[in-house]
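Given next are the chains, with one letter for each unit.
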Amino acid sequence: MENRQQIAAGNWKMNKTFEEGIALVKEIIEKSNNERTLVILAVPFTHLNGIADLVAPIPNIKLAAQNCHEKESGAFTGEISANMLLSVGADYVILGHSERREHFKESNEVLAKKVEHAISKGLIPIFCCGESLRIRKAKIHVDFVSNQLNEGLFHLNPEAFSKVIIAYEPIWAIGTGETATPEQAQNMHKEIRALIEKKYGHDLAQNIPILYGGSVKPDSAKDLFHQPDVDGGLVGGASLNADDFVAILNSF
Ligand code: PEP
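Residues numbered from 1 in each chain as written. Predicted model: local features only at pLDDT ≥ 70, side-chain atom pairs only at ≥ 80, totals over all residues. Heavy atoms only, no water.

Draft legend 1. Looking closely at the site of the ligand. Surveying the vicinity of the ligand reveals 14 residues, the closest of which are Lys13, Glu169, Gly175, Ser215 and Gly236. The contact in question runs from an oxygen atom of the ligand to an N or O atom on the backbone of Ser215, over 2.7 Å. Burial of the ligand by the protein chains amounts to 97% of its free accessible area of 290 Å². Structurally, the ligand is housed in the second largest pocket. Of the residues assigned to the shell around the ligand, the class counts are four nonpolar, eight polar and two charged. (Near = heavy atom within 4 Å. Polar contact = N/O pair within 3.5 Å; in protein donor to acceptor, adjacent residues only side chain to side chain. Areas by Shrake-Rupley, 256 points an atom, 1.4 Å probe, with all protein chains shown as cover. 1 Å grid on protein atoms, 1.4 Å probe; cavity = no way out; pocket = protein on both sides within 12 Å on 5 of 7 lines; lining within 4 Å. Sits in = over half its atoms within 2 Å of the grid points. Nonpolar A, V, L, I, M, F, W, Y, C, P; charged D, E, K, R; others polar.)

Draft legend 2. Spatial organisation of the sheet that holds strand β8 (residues 232-235). Strand order in the closed barrel formed by eight strands is β1-β2-β3-β4-β5-β6-β7-β8, with parallel pairing between adjacent strands. The sheet shows a mean angle of 25 degrees between the axes of neighbouring strands, direction not considered. Here strand β4 (residues 92-95) pairs with strand β5 (residues 124-129) via four bridges, running parallel. Bridge pairing in β5 places Tyr92 opposite Ile124. Contacts between helix α5 (residues 108-121) and the sheet are confined to β4 and β5, with β4 contributing the most and set at about 175 degrees to the helix. Seen against the sheet, helix α7 (residues 141-152) touches β5 and β6 (165-168) and runs at an angle of roughly 150 degrees to β5. (Pairing = 2+ DSSP bridges. Helix = DSSP H or I, 4+ residues; strand = E, 2+ residues; numbered from the N terminus. Axes fitted to C-alpha atoms, helices over the stretch in contact; angles between N-to-C directions. Contact = heavy atoms within 4.5 Å.)

Draft legend 3. Focus on the layout of surface pockets. Counted as a void, the largest pocket has a volume near 460 Å³. What lines the largest pocket is a set of 17 residues, and nearest its centre among them are Lys13, Met14, Gln66, Arg100 and Phe104. Examining the composition of the lining of the largest pocket, we find that three residues originate from one element, helix α4 (residues 98-103), more than from any other. Looking at side-chain class alone, the lining of the largest pocket contains seven nonpolar, six polar and four charged residues. Here the second largest pocket is characterised by a volume of approximately 160 Å³. Among the residues forming the lining of the second largest pocket, the class breakdown is five nonpolar, nine polar and three charged. (Points joined across faces, edges and corners; volume = space filled by probe spheres on them.)

Draft legend 4. Expanded view of empty space enclosed by the protein. Summed over the entire model, instances satisfying the criterion amount to one cavity of 30 Å³ or more. There is about 30 Å³ of room inside the largest cavity. Lining the largest cavity are Gly96, Ser98, Arg101, Cys128, Cys129, Gly130, Gln148, Glu169 and Ile171. At the level of elements, α4 and β5 are the ones that each hand at least two residues to the lining of the largest cavity.

Draft legend 5. Fine view of the packing of α5 against α7. In the contact formed by α5 and α7, the axes pass within 8 Å of each other and the chain directions differ by 50 degrees. Judged by the inter-axis angle, α5 sits oblique to α7. Between α5 and α7, the residues in contact are Asn108, Leu111, Ala112 and Val115 and Asn147, Gln148, Glu151 and Gly152, respectively. (Parallel < 35°, antiparallel > 145°, perpendicular 65-115°, else oblique.)

Pasting the structure below:
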């Protein structure tokens, strides 16, 4: 890692009641004393307001939502807007998680709109990309991820793009217990950084944080995070346990 911010992001997905979420955050705060790492907790929408009060005094813990709509407001029953998320303490939003791409059919086209809208409102996107096992076995994973970036992210102007965090999350590693090797992660992160450089130039490519996601655990985090182009992790399962998550954020 060059001089980029190191980031440990936790994606709670659809887990934890409000009370359980409050208890987990209190435990994370109590057990962690690492102020160098930016910690981003992507909690359910319903938990943001309450957890925002808890983390407000801690400068390196921030909140994310796990999705938001591409329009400002209107007749979109069940959806949530960037402004609503900002108003309850979210600074970041995960966009394009593979579970949303798969179960909710989010396309690169709609993600391009979501990313642009979120940034225009001041919400920082954590844009997820990553290939399935079939794509990897066919050895076309670099082209596949390149296409996701081209269609979902690279329409942004340099000023807007400079706000983005990218998370490379190979689908075959998410929730499966099968982590990419540090070499596999580094190779793809390097490719992603090269794609950014080609589109936006060297300086921007060097500044954009690229996180790895896919079964990051306390015993795999250190080797992954020490790769030169891996700037941290987007952690699912292990972020639901305070000891595991704190061990991960102490792995840099
Ligand atoms: C994720 O949901 O982004 C993720 C990487 O999950 P897990 O760590 O459980 O594989």
